[in-house]
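Architecture at a glance
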Amino acid sequence: MEKTAPSVLIAGNPNVGKSLLFSRITGLGVITSNYSGTTVGVKTGHFSHKNTGYKLVDMPGLYSLDVETSAEQETVKLLDDCDMIINVVDATNLERNLNMTLQLAEKRIPMVICLNFWDETIHKGIAIDHAHLAKVLGAPVIPVSALQNTGIRELLEALDHAAVPAYAETPDNRWAAIGGIISQVQKLSHRHHTLLEILSDFTLHPAGGLVSALLMLVLTFWGIRTIGETLINQVLTPLFDHYYLPAVLKLIAAIPWELAQTLLVGQGNDIMRSFGILTTGIYISVVLVFPYFLAFYLIFGILEDFGFLPRLAVTFDSFFHRIGLHGYSSIPVMLGLGCKVPAFMATRMLATKREKVLTYTLIIMSAPCMPQSAMIFSIGMRHSGAAIAAVFGTLLVVALVTNLLLNRLMKGVPPDLFMEIPSYRMPSLILMARKLQLRIGSYFLETIPMIIIGVFIINIIDTVGALQTISQSLGRTLAVILSLPEEMATVVILGFLRKDVSIAMLAPFDMTTRQFVVASVFLVLYLPCIASFFSLIREAGPAQALKVVGLTFTSAVGVALALNWAFLAHQYISLK
Amino acid sequence: MEKSSHAKQTGTTNLVNLDKDHPARIIEIQGGHGLRERLNAMGLAIGSVIVKKNSFYGQGPVVIKSGQTTVALGHGMAEKVIVELIGPS
């Protein structure tokens, strides 16, 4: 029998670059950012060094092994199953990080210390005698820059010399002991504030924070629109119209089977109404939705890697307190603007169930995900800017009112914000490109097939004439209560498969502005898509997830009713 | 809860009332074991020297710097951290 590969655990404080190191050693693509808590689950990979195979485990960061929440306890348990530890230490914050090193030392597991961000110590005026530190701790200490990919080989070489640190301290004495080590190995020289530090001070100032947050929101919005529209109008639409579509139509015309032709390219010449997989399906997913998706994650990636998001959390902390949360919740809510799945996962950083439930509802209700937003914009532009503003404004108001009510109903007080603010870091173009590539990859692998399946199902239903039957039951209800087209029933059913599809499917209906607003708000709120529903179940458990979904469904119906009546009343008054 | 005593007179205050950019040493953390542990893990223990960078309006958070670490603490938490001023005020 072959011996099992030794298991190496990457352990350390949050935001010290563990995931990037993991990615560098294993070659696996991993999402990284400049703030605590990007890694919420355990990742495992393999690598070999000098003909020995190793298993590498990347754990979520911890400030201490004395932990309270169950998620943190799960993380600490990883230590029981590993043969070796790579303790990643932020060299620009050695003192705080050594607290974890000494706690790991008490576990009596062979370890190697990785002094990451070594390149940054130079311009931060920090000089560390790493050889002396290794002597004091009794374990190898290797300077590394995971970002610049230096020192990784030396780190792997050092695994052969991994040692149980000879250092032991009682918990009460730990900080004093660390102070002693620091005075021996580290020298700080005075230097002037860098531009990034001045910017950091500005964004952490109450007024400066608000100004930069608003500026950031305006710039983000403007950037997404500009990049998205330019791509759609200047690049993708011409490519689609002049090259893709004629080629596909020609190719399909050669197929002698008419049903296949109908399924693949649909019927009629209107690209949004033909419902062919290769025409409407590709048009919606690649030409209309993808540019906004790309633009959002391009800009969001810069904000993540720069380190802006934690400052946003600080700026909006007192606002979030009013709805029973603290500022950290702004991070999952921001993530939710892109996709709800990573947003739900990011709620793991929240301590109490109450906070999590409040944040789930805010994530679901405050704004749609990027593919949906893209479609609301695309279709809304046919009506007016005011119609789009009405959709987003209504959603925001409904989300805030729901959270205020929940905050009153659920017992408990909002806990305090407590988070480390990372230094600003210039984002690395290569890392951002890799992250964007991962996100685009998952869009093409997961989202696009669902959009195409959605188009396919509508096409089938339409072809066999079942659209009529569905319309008659659910459709009649929609028509009577919400004054929406009866045919929208299929869209409502499909929306559960993939929300982004549902709004896109509104395109073929000739809706009035009123119907567009009511339908968009209803479709955003009524149910989460399957992917986000399952990720909510994973995070909250089935019972809690159903409660949250029940709540949002109820408000969806309520709000759509109220909106419809408000419009009707308005119409009635203006007719008089 | 009573307002903390005047900083300049007694030399001790909490993080909410501490002046900006004034170095201070943590001398007491009121509240439970859990809070002390969380602060301790972040490098904020009895004896740690900190500088307050900012506090936000309307019961907002307090931002402090300790060594190389910048931390934001909610208002309620900041009230429980008692510090003494270092140096001439």
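Keep in mind that what you see is a predicted model, and the values were worked out from it rather than measured.

**A short note on the environment of T347(A)**
Residues and elements named next belong to chain A.
- Summarising the element assignment, T347 is placed in the loop between α15 (340-346) and α16 (353-366).
- The class of T347 is buried, set by 26 C-beta atoms lying within 10 Å.
- When the C-alpha atoms of T347 and M111 are compared, they prove to be 31 Å apart, with 236 residues separating the residues in sequence.
- Sequence-distant contacts of T347, that is, excluding residues within four places in its chain, are made with P332, K356, T359, Y360 and E539.

**Overview of the interface of chain A and chain B**
- Each partner contributes to the interface: chain A provides 25 residues, whereas chain B provides 27 residues.
- Every element with two or more residues in the side of chain A that touches chain B is listed here: α3 (94-105), α13 (317-322) and β9 (418-421) of chain A.
- Here β9(A) pairs with strand β5 (residues 69-73) of chain B via four bridges, running antiparallel. By the bridge assignment, F418(A) is partnered in β5(B) with L73(B).

**What about the confidence of the model for chain B?**
Residues and elements named next belong to chain B.
- Taken residue by residue, chain B gives an average pLDDT of 86. The fraction at 70 or more is 87%.
- Predicted confidence is poor over residues 1-7, with pLDDT under 50, and the contacts of this stretch with residues over four places away or in other chains come to nine contacts.
- Overall fold confidence for the complex sits at a pTM of 0.86, while the interface term, ipTM, reaches 0.88.

**Some thoughts on the domain arrangement of chain A**
Residue and element names in this part refer to chain A.
- Its domain assignment divides chain A into domain 1 (7-188) and domain 2 (203-415 + 433-575).
- Put simply, the middle of domain 1 and the middle of domain 2, counted by C-alpha atoms, are 40 Å apart.
- On the side of domain 2, 14 residues touch domain 1, which itself brings 10 residues to the contact.

**Some details on the nonpolar core**
- Core analysis: the biggest nonpolar cluster contains 129 residues, and A313(A), A519(A), V521(A), F522(A), L15(B) and L73(B) have the highest contact counts within it.
- With 16 residues, helix α11 (residues 277-306) of chain A is the single largest residue contributor to this core.
- Among residues more than four places away in sequence, those in contact with A313(A) are G327(A), Y328(A), S330(A), I331(A), L417(A) and M419(A).
- Within the second largest apolar cluster, 49 residues are counted, among which are I85(A), C114(A), I128(A) and I178(A).

Rules and cut-offs
- Residues numbered from 1 in each chain as written.
- Chains lettered and ligands numbered in written order.
- Predicted model: local features only at pLDDT ≥ 70, side-chain atom pairs only at ≥ 80, totals over all residues.
- Helix = DSSP H or I, 4+ residues; strand = E, 2+ residues; numbered from the N terminus.
- Buried ≥ 20, exposed ≤ 12 C-beta atoms within 10 Å, placed from the backbone.
- Contact = placed C-beta atoms within 7 Å.
- Pairing = 2+ DSSP bridges.
- pLDDT = per-residue confidence, 0-100.
- Domains from an automatic or database assignment.
- Core = buried A, V, L, I, M, F, W, Y, C linked by C-beta atoms within 7 Å.

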